[in-house]
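# Analysis of the macromolecular model
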Amino acid sequence: MSLLLGIIGDDITGSTDLALMLGKNGMPAVQYIGVPAESTPAPAAPAAVVALKSRTAPVEEAVAQSLAACRWLLARGARQIFFKYCSTFDSTEQGNIGPVAEALLDELGGGIAAVCPAFPANGRTVYRGHLFVGDQLLSESGMRHHPLTPMTDPNLVRFLGRQVRQADTVCLVAYPVVRQGAAAIREELARLAGRGQRFAVVDALTDEHLLAIGEAAAGLKLVTGGSGVAMGLPANFRAAGLLAPGHGLAAIPPVQGAAAVIAGSCSPATRGQVRVMAAAHPSYQVDPQALLAGEPVVERAIEWALAALAGGPILIYSTDDPAAVARAQERLGPERTGKLVEEALAAIARRLRAAGVRKWIVAGGETSGAVVEALEIRSLRIGPEIEPGVPWTFSPEPEGLCLAFKSGNFGTETFFAKALAMLS
Ligand code: ADP
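What counts and how
- The numbering scheme is per chain: residues are counted from 1 as the chain's sequence reads.
- Given that this is a predicted model, residues contribute local features only at a pLDDT of at least 70 and side-chain atom pairs are listed and counted only at 80 or more, while totals for whole chains, interfaces and linings are drawn from all residues.
- Note that water and hydrogens are dropped before the side-chain values are worked out from all heavy atoms of the structure.
- Secondary structure elements follow DSSP: runs of H or I of four or more residues count as helices, runs of E of two or more count as strands, with numbering from the N terminus.
- For each residue, the accessible area found with a 1.4 Å probe, counting protein chains only, is set against the maximum for its type, and the residue is called buried under 20%, exposed over 50%, and partly exposed in between.
- Here a residue-residue contact requires only that any non-hydrogen atoms of the pair lie within 4.5 Å.
- The salt bridge definition used is simple: a Lys or Arg side-chain nitrogen within 4 Å of an Asp or Glu carboxyl oxygen.
- We call a residue near a molecule or strand when any one of its heavy atoms sits within 4 Å of it.
- Pairs of N or O atoms within 3.5 Å make up the polar contacts considered here, provided that, within protein, one atom can donate a hydrogen while the other can accept it, and that residues adjacent in sequence are counted only when both atoms are side-chain atoms.
- We get accessible surface area from the Shrake-Rupley algorithm with a probe of 1.4 Å; when it comes to residues, only the shown protein chains can shield them.
- Computed over the protein atoms alone on a 1 Å grid, cavities are sets of points where a 1.4 Å probe fits but cannot get out and pockets are open sets with protein on both sides within 12 Å along at least five of seven lines; a residue lines them when it has an atom within 4 Å of a point.
- A molecule is said to be in a cavity or pocket once over half of its atoms fall within 2 Å of that pocket's grid points.

### Considerations on the side chain of Thr-367
Note on placement: Thr-367 falls in helix H14 (residues 365-374). With relative accessibility at 5%, the residue Thr-367 sits in the buried group. Other than its neighbours up to four places away in sequence, Thr-367 contacts Ile-262, Gly-264, Ser-265, Glu-342, Leu-345 and Val-362.

### Observations concerning unusual backbone geometry
Following Gly-95, the chain continues to Asn-96 via a peptide bond in cis, the omega torsion being 15°. The backbone of Phe-89 sits at a positive phi, close to 55°, despite the residue not being glycine. Mapped onto the fold, Phe-89 is located in the loop between strand E4 (80-84) and helix H3 (97-107). Even without being glycine, Arg-128 reaches a positive phi, approximately 50°. With respect to the helices and strands, the residue Arg-128 is situated in the loop between strand E6 (124-127) and strand E7 (130-133). For Arg-128, a relative accessible area of 41% gives the class partly exposed.

### Notes on the pattern of salt bridges
Pairs can form between side chains of opposite charge once their charged atoms are near each other. Within this structure, the stated rule accounts for 20 salt bridges. One salt bridge connects Arg-55 with Asp-11, and the closest N-O pair in it is separated by 3.2 Å. Placement of the pair is Arg-55 in the loop between strand E3 (47-51) and helix H2 (59-75) and Asp-11 in the loop between strand E1 (5-9) and helix H1 (12-24), with a sequence separation of 44 residues. On the accessibility criterion, Arg-55 (9% relative accessible area) is buried. Where salt bridges share partners, they join Asp-10, Asp-11, Arg-55 and Asp-90 into one cluster.

### Details of the site of the ligand
Taken together, 21 residues form the shell around the ligand, and within it His-146, Ser-265, Ser-267, Glu-342 and Thr-367 come nearest. His-146 is positioned such that a nitrogen or oxygen atom in its side chain is 2.4 Å from an oxygen atom of the ligand. Here an oxygen atom of the ligand sits 2.7 Å away from a polar atom, N or O, in the main chain of Glu-366. Relative to its unbound accessible surface of 580 Å², the ligand loses 97% to contact with the protein. Judged by the proximity of its atoms to the pocket grid, the ligand belongs to the largest pocket.

Written out as structure tokens, the structure is:
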């Protein structure tokens, strides 16, 4: 089986979300954590996802990592590159979505790239270039309070225009074209490319629209967006006779050992999930103020966890409401405070693995990146879906672990219990 589609994800939760989408649509994907070593052979799967932690990295670093991932994937035969970012377009005025997409497009020889973060199953839709989260414009949703990437402009054409070299290379394929289907979208993309446009924000309100956009993207070298728009890509490879029909997700292997939930997301969905789990299971809150004061927060959490683990699944969280997050950020600012919290949760995770935790649920994109690094996981197989966008994943190394990486804003209030129940 040769590699067909190469994916570069700007965080771990988004990458598993994308790998799940491909798997559900009959295209098995192997997920790598970070750019694999040069000596790593091509995966025995038609899709490979390189999960980076580049969403909030300095722009040059995000670009360099993404280009390295792109080159690795191309060298192993990838025929199309997908740049996966969050369905809420998490980024700042400087990037990293624009600069990375631009560098990838340059690397791939130019042309036009589709830009479509829509994921209707999770309430993300794009209409007239504006991103909605449920009934709200992005800028009126909980995303306006995000600790690292507060989103205050819902107009993707304008916002992406500020991130790329030339604002007028970003254009819109609007709903009236999209609803006409794949042929109309393909034609419009070709027309816009002919006018020198490089990034086409594409409206999408339904899965039907995403499938049409996917079909229209068959000839594009670069597709960018959320996992939704990847839904239609496997069919292109099947239609070209390159991908055999079949099942794309692995079954849950038997895994013994303790279970822990680590939550570092402060998004509204995770706050609800933490509340529900804390009401039914032993839970421990990591306090950023105590971390800032140099108190032995990690040691205390571990001491607590080692005693609590025998009683069943535990929850360790730094999740808090926007007012508390703002207070915690006063001294060091969002980034350094975020790092401090991530490092603390990662250190706790490392010790819990040594204490026998084998089943992991991690809430938060950045948080998941920090935890997966601490657990020294290099690759993942993708298992069944827990809730839209979140699969169980399995690590063959260093020992069998089951891991679920949940994007902060994904999932219903009972997500954690539902996920754990699937393992028993
Ligand atoms: P999401 O998926 O919701 O975006 P992330 O894990 O990506 O979640 O981002 C949350 C960021 O907020 C992380 O950098 C995390 O360390 C930081 N953080 C977590 N808890 C707190 C807190 N109580 N105060 C300030 N920052 C926090």
